[in-house]
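# Results of the structural survey
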Amino acid sequence: MKEQSECKQKDQDLTKKYELLLQQNRYLEKRLQEEVVKNKQKDTILIEQSRLAAMGGMVASIGHQWRQPLNNLSLMMHDVREALEFGEIDNQYIDRFTRESMQQIKHMARTINDFRKFYKPNKEKSFFSVGDSIEEALSIFSLSLKNHGIQVEFEYRGQQMAYGYPNEYSQVVLNILTNARDAFVQKGISHRKLVIKIGESGKFIKSEFIDNAGGIEPTLLKKVFDPYFTTRPQGSGLGLYMTKMILENMNGSVTVENTGDGARFCLSVPKVSAAIEQELLTV
């Protein structure tokens, strides 16, 4: 009887421990789910903060883009007053004034349209040309690069087609261009050069952005893609982190390494054929 009582007690103790273990597991699962939700919310906030920071830079870029056409329109309006005083206004003058004015206005409207398209996120993946997406980012940011004396070398042949989010890819390119510009300015580099190359490797299309801005401190190379990490006084620390997130969401990646006199960023996105193959395997 004593042995049966002891066995029964042991069974009861084991049952209690098992129930306690189940409770702990349920608690841990609940905490894990809560943390997953929190992380998703945090990523959403970071994405929004990154977009707002990038939009601030874009508004400044639009200001630069508009400055020249606004100056031209101002000079043309002043010329109308003088032409009126000297009796030079005729049909030919009006035609020329209208044509040149519309050219300036169309340039300003195109800048706004590029801005709106650039920040309209793609809801679904699609085929896109990596070269065209880079060109779109350059067209928006070219004046800023020129104003800071940065020479850009970019020549691509053919249409290397990728599969993903083209507007987001252009945003990634803009982040890299902004990072290069700020590095040149911060380090006071005199002869500023940025080389962009597109190539293919295995199942990926790779674009390289190579600058001569002095490179990144070796101890910081592993931190540049961390959220809120920045070496700039006014930096948000979100640009390169968002670059990493966007590319990984396209099953791609980003890497950085130092070269002899600067840094090389490499953006990898799946080729069309590789992306389709991967999606067929996951269906």
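This section reports on the structure supplied with the text. Owing to the predicted nature of the structure, the values given are computational and were not obtained by experimental measurement.

With that settled, the discussion passes to helix 4 (residues 166-187). Since there are 3.6 residues in each turn of an α-helix, residues three or four apart along the chain are aligned in direction. Taking 1.5 Å per residue, 22 residues should reach 32 Å; helix 4 reaches 32 Å between its end C-alpha atoms and fits that length. By the criterion of burial, helix 4 is predominantly enclosed, with 17 of the 22 residues buried. Of the residues flanking the end of helix 4, it is Gly-188, one or two places downstream, whose phi is positive at about 65°.

What follows deals with the nonpolar core. One finds Val-130, Ile-134, Tyr-169, Phe-209, Phe-265 and Leu-267 to be the most contacted residues of the largest nonpolar core, which totals 41 residues. Looking at this core, the elements with two or more residues in it are helix 3 (130-147), strand 2 (150-154), helix 4, strand 4 (192-201), strand 5 (204-211), helix 5 (239-249), strand 6 (253-258) and strand 7 (263-270). Not counting residues up to four positions away in its chain, the partners in contact with Val-130 are Gln-160, Ala-162, Tyr-169, Ile-198, Ile-205, Ser-207 and Val-269.

One can find Met-161 in strand 3 (residues 161-164). For the pair formed by Met-161 and Ser-126, sequence separation is 35 residues and the distance between their alpha carbons is 9.9 Å. If we skip the residues at most four places from it in the chain, Met-161 touches Phe-127, Phe-128, Ser-129, Ile-205, Lys-271 and Val-272.

Remark: a regular strand shows side chains that alternate across the two faces of the sheet. With 7 of its 8 residues buried, strand 7 lies for the most part within the structure. Pairing geometry for strand 5 and strand 7, over 7 bridges, is antiparallel. Paired with Phe-204 across the strands is Pro-270, a residue of strand 7. Two elements, strand 6 and strand 7, share 6 bridges in a ladder whose sense is antiparallel.

A few words now on the packing of helix 4 against helix 5. Running from N to C, helix 4 and helix 5 point in directions that differ by 150°, and their axes come no closer than 9 Å. When the axis of helix 4 is compared with that of helix 5, the two are roughly antiparallel. Between helix 4 and helix 5 the crossing geometry is left-handed. For the pair helix 4 and helix 5, contact is made by Glu-168, Tyr-169, Gln-171, Val-172, Asn-175, Ile-176 and Asn-179 and by Gly-239, Leu-240, Met-242, Thr-243, Ile-246 and Leu-247, respectively. Its residues assigned to classes, the contact of helix 4 with helix 5 shows 7 nonpolar, 5 polar and 1 charged.

For the pair helix 3 and helix 4, interaxial distance at closest approach is 8 Å and the crossing angle is 40°. As far as their axial angle goes, helix 4 and helix 3 are oblique. As helix 3 packs across helix 4, the resulting crossing turns out to be right-handed. When helix 3 is examined against helix 4, the residues Val-130, Ser-133, Ile-134, Glu-136, Ala-137, Leu-138, Phe-141, Ser-144 and Leu-145 are found in contact with a partner set consisting of Pro-166, Tyr-169, Ser-170, Val-173, Leu-174, Leu-177, Thr-178 and Arg-181.

Spatially, 5 strands are ordered 2-4-5-7-6 in an open sheet, and the strand pairing comes out mixed. Every interior strand has two partners, whereas the edge strands, strand 2 and strand 6, have only one. Looking at each pair of strands side by side, their axes are set apart by 20° on average, direction ignored. Along the sheet, helix 3 makes contact with strand 2, strand 4, strand 5 and strand 7, crossing strand 2 at roughly 165°. This element, helix 4, spans strand 2, strand 4, strand 5 and strand 7 of the sheet and lies at about 180° to strand 7.

Inspection of every chain in the model, using the stated rule, returns 7 salt bridges. Between Lys-193 and Glu-153 there is a salt bridge; the shortest N-O distance is 3.1 Å. Taken together, the residues span a long stretch of sequence, with Lys-193 in strand 4 and Glu-153 in strand 2 at a distance of 40 residues. The class for Lys-193 is partly exposed, based on a relative accessible area of 33%.

Conventions we followed
- Residues numbered from 1 in each chain as written.
- Predicted model: local features only at pLDDT ≥ 70, side-chain atom pairs only at ≥ 80, totals over all residues.
- Heavy atoms only, no water.
- Helix = DSSP H or I, 4+ residues; strand = E, 2+ residues; numbered from the N terminus.
- Expected span 1.5 Å × (residues − 1).
- Buried < 20%, exposed > 50% of the residue type's maximum accessible area, 1.4 Å probe, protein only.
- Core = buried A, V, L, I, M, F, W, Y, C linked by side-chain atoms within 4.5 Å.
- Contact = heavy atoms within 4.5 Å.
- Pairing = 2+ DSSP bridges.
- Axes fitted to C-alpha atoms, helices over the stretch in contact; angles between N-to-C directions.
- Parallel < 35°, antiparallel > 145°, perpendicular 65-115°, else oblique.
- Left-handed = near helix turned anticlockwise from the far one by under 90°.
- Nonpolar A, V, L, I, M, F, W, Y, C, P; charged D, E, K, R; others polar.
- Salt bridge = Lys/Arg side-chain N within 4 Å of Asp/Glu carboxyl O.

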